[in-house]
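Chain residues, written in single-letter form:
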Amino acid sequence: EAGVVQSPRYKIIEKKQPVAFWCNPISGHNTLYWYLQNLGQGPELLIRYENEEAVDDSQLPKDRFSAERLKGVDSTLKIQPAELGDSAVYLCASSPRRGSEQYFGPGTRLTVT
Amino acid sequence: GIQVEQSPPDLILQEGANSTLRCNFSDSVNNLQWFHQNPWGQLINLFYIPSGTKQNGRLSATTVATERYSLLYISSSQTTDSGVYFCAVSYNFNKFYFGSGTKLNVKP
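Residues numbered from 1 in each chain as written. Chains lettered and ligands numbered in written order. Predicted model: local features only at pLDDT ≥ 70, side-chain atom pairs only at ≥ 80, totals over all residues. Heavy atoms only, no water.

**Student:** Outline the overall build of chain A, listing residues and values.
**Tutor:** Across its full length, chain A holds 0 helices and 11 strands. For chain A, the N- to C-terminal ordering of α and β elements is β-β-β-β-β-β-β-β-β-β-β. Taking 113 residues into account, the globule formula puts the C-alpha radius of gyration at 13 Å, and chain A, at 13 Å, falls close to it. Summarising its shape, the C-alpha atoms of chain A cover approximately 35 × 25 × 25 Å along the three principal directions. The long-range share in chain A, meaning contacts at least 24 apart out of those at least 6 apart in sequence, stands at 53%. Entry remark: accessible area of chain A is about 5,600 Å², with carbon and sulfur atoms responsible for 48%. Side chains of chain A carry 13 positive and 14 negative charges; the gap between the two charge centres is 4 Å. (Helix = DSSP H or I, 4+ residues; strand = E, 2+ residues; numbered from the N terminus. Rg over C-alpha atoms; globule rule 2.2 N^0.38 Å. Contact = heavy atoms within 4.5 Å. Areas by Shrake-Rupley, 256 points an atom, 1.4 Å probe, with all protein chains shown as cover. Lys, Arg positive; Asp, Glu negative; His and termini not counted. Charge placed at Lys NZ, Arg CZ, Asp CG, Glu CD.)

**Student:** Explain the packing of aromatic side chains to me, and be specific about the residues and the numbers.
**Tutor:** Evaluated as defined, the whole model comprises 8 aromatic pairs over all chains. A ring pair is formed by F104 of chain A and F98 of chain B, whose centres lie 6.1 Å apart and whose planes are at 80°; its orientation type is edge-to-face. With F104 of chain A in strand 10 (residues 103-104) and F98 of chain B in strand 10 (residues 96-98), the pair connects residues from two separate chains. For F104 of chain A, a relative accessible area of 7% translates into the label buried. Ring pairs connect the aromatic residues Y33, Y35 and F104 of chain A together with F35, F86 and F98 of chain B, which therefore count as one cluster. Between R22 of chain B and the ring centre of Y69 of chain B, over which it is positioned, the NZ or CZ distance is 4.3 Å. (Phe/Tyr/Trp six-rings, centres within 6.5 Å; stacked < 30°, edge-to-face > 60°. Buried < 20%, exposed > 50% of the residue type's maximum accessible area, 1.4 Å probe, protein only. Lys NZ or Arg CZ within 6 Å of the ring centre and 35° of its normal.)

**Student:** If you had to explain the interface of chain B and chain A to someone new, which residues and values would you point to?
**Tutor:** Each side of the interface is counted separately: chain B has 19 residues, and chain A has 22 residues. For the pairing of chain B and chain A, the buried interface totals around 1,600 Å² over both sides, and the portion due to carbon and sulfur atoms is 48%. Summed over the three residues of chain B that lose the most area to chain A, namely K95, F96 and F98 of chain B, the buried surface amounts to 30% of that side. Across the chain B-chain A interface, the total number found is 0 salt bridges. Of all the elements in the fold, those that place two or more residues in the side of chain B that touches chain A are strand 4 (31-37), strand 5 (43-48) and strand 10 of chain B. Here the side of chain B that touches chain A takes 4 residues from strand 4 of chain B, the largest share from any one element. Here the side of chain B that touches chain A is composed, by residue class, of 8 nonpolar, 10 polar and 1 charged. (Buried area = accessible area lost by both parts, 1.4 Å probe. Salt bridge = Lys/Arg side-chain N within 4 Å of Asp/Glu carboxyl O. Nonpolar A, V, L, I, M, F, W, Y, C, P; charged D, E, K, R; others polar.)

**Student:** Can you break down the state of the cysteines residue by residue, with the values?
**Tutor:** Following the criterion strictly, the structure yields 2 disulfides over all chains and no others. Note on cysteine connectivity: C23 of chain A is disulfide-linked to C92 of chain A, with sulfurs 1.9 Å apart. For the disulfide bridge between C23 of chain A and C92 of chain A, the dihedral angle about the S-S bond is near -70°, and by the sign convention the bridge is left-handed. Of the two residues, C23 of chain A is situated in strand 3 (residues 19-24) and C92 of chain A in strand 9 (residues 88-95); the sequence distance between them amounts to 69 residues. Classification of C92 of chain A by relative accessible area gives buried; the value is 0%. C23 of chain B shares a disulfide with C87 of chain B; S-S distance 2.0 Å. Its torsion about the S-S bond being -60°, the disulfide of C23 of chain B and C87 of chain B is classed as left-handed. Residue C23 of chain B is located in strand 3 (residues 19-25), and its partner C87 of chain B is located in strand 9 (residues 83-90); the two are separated by 64 residues in the primary sequence. Residue classification places C23 of chain B among the buried residues on the basis of a relative accessible area of 0%. (Disulfide = S-S within 2.5 Å.)

**Student:** Which residues make up the sheet that holds strand 8 (residues 69-74) of chain B, and what values go with them?
**Tutor:** Residues and elements named next belong to chain B. Read across the open sheet, the 5 strands follow the order 1-3-8-7-6; overall the sheet is antiparallel. Each edge of the sheet is formed by a strand with only one pairing partner; in this case those strands are strand 1 (4-7) and strand 6 (52-56). Averaged over all adjacent pairs, the angle separating strand axes in this sheet is 15°, with direction ignored. Relative to strand 8, strand 7 (residues 59-64) runs antiparallel, the two sharing 6 bridges. Counted as the bridge partner of A61 is L72 from strand 8. (Pairing = 2+ DSSP bridges. Axes fitted to C-alpha atoms, helices over the stretch in contact; angles between N-to-C directions.)

Following this line, the structure appears as structure tokens:
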């Protein structure tokens, strides 16, 4: 069984530029999470989807961040415009159903210069 | 939200030694996971353990939900056990809250 796939693995952009991250969850997993992980800290939830519905996006900075999960499968997280403080690892995870065991992708390491 | 505290924050072991990592949480939970983040950043599932005890090879975990803690035991540690260990909890099947992790360094 394939795991959670994320791309790109690394991204370097200049501040004020847009950037997008893509996630393909494990087949059949209804719940999808986007997390942000700063150096030396645990992951923090940005947004959670149940199928195609965003059910928890309270931590998503909506002035510059947006996300979508079309058809309840793949998801895209976008930042526009990026700021220096957005440099971090962006992790995607999926679960078979709400609150069950999470499986993480390898993450995208973003560097904003 | 739920506060999650992990201890110790850093741990250095000689290969072959045993260790216990602790996760305390501030409120009732009905889901708890232990992860190992390897040096390449990949989070690997170790245990999904809302309560009780589980074992997988040299690793075992115990969660006492009524007392709001979980323990991860590593026996006969190996250099490949190095990395950061995270505990994550959730209540009512909603968002997971992560601790700050225990950074383990196993020396040969």
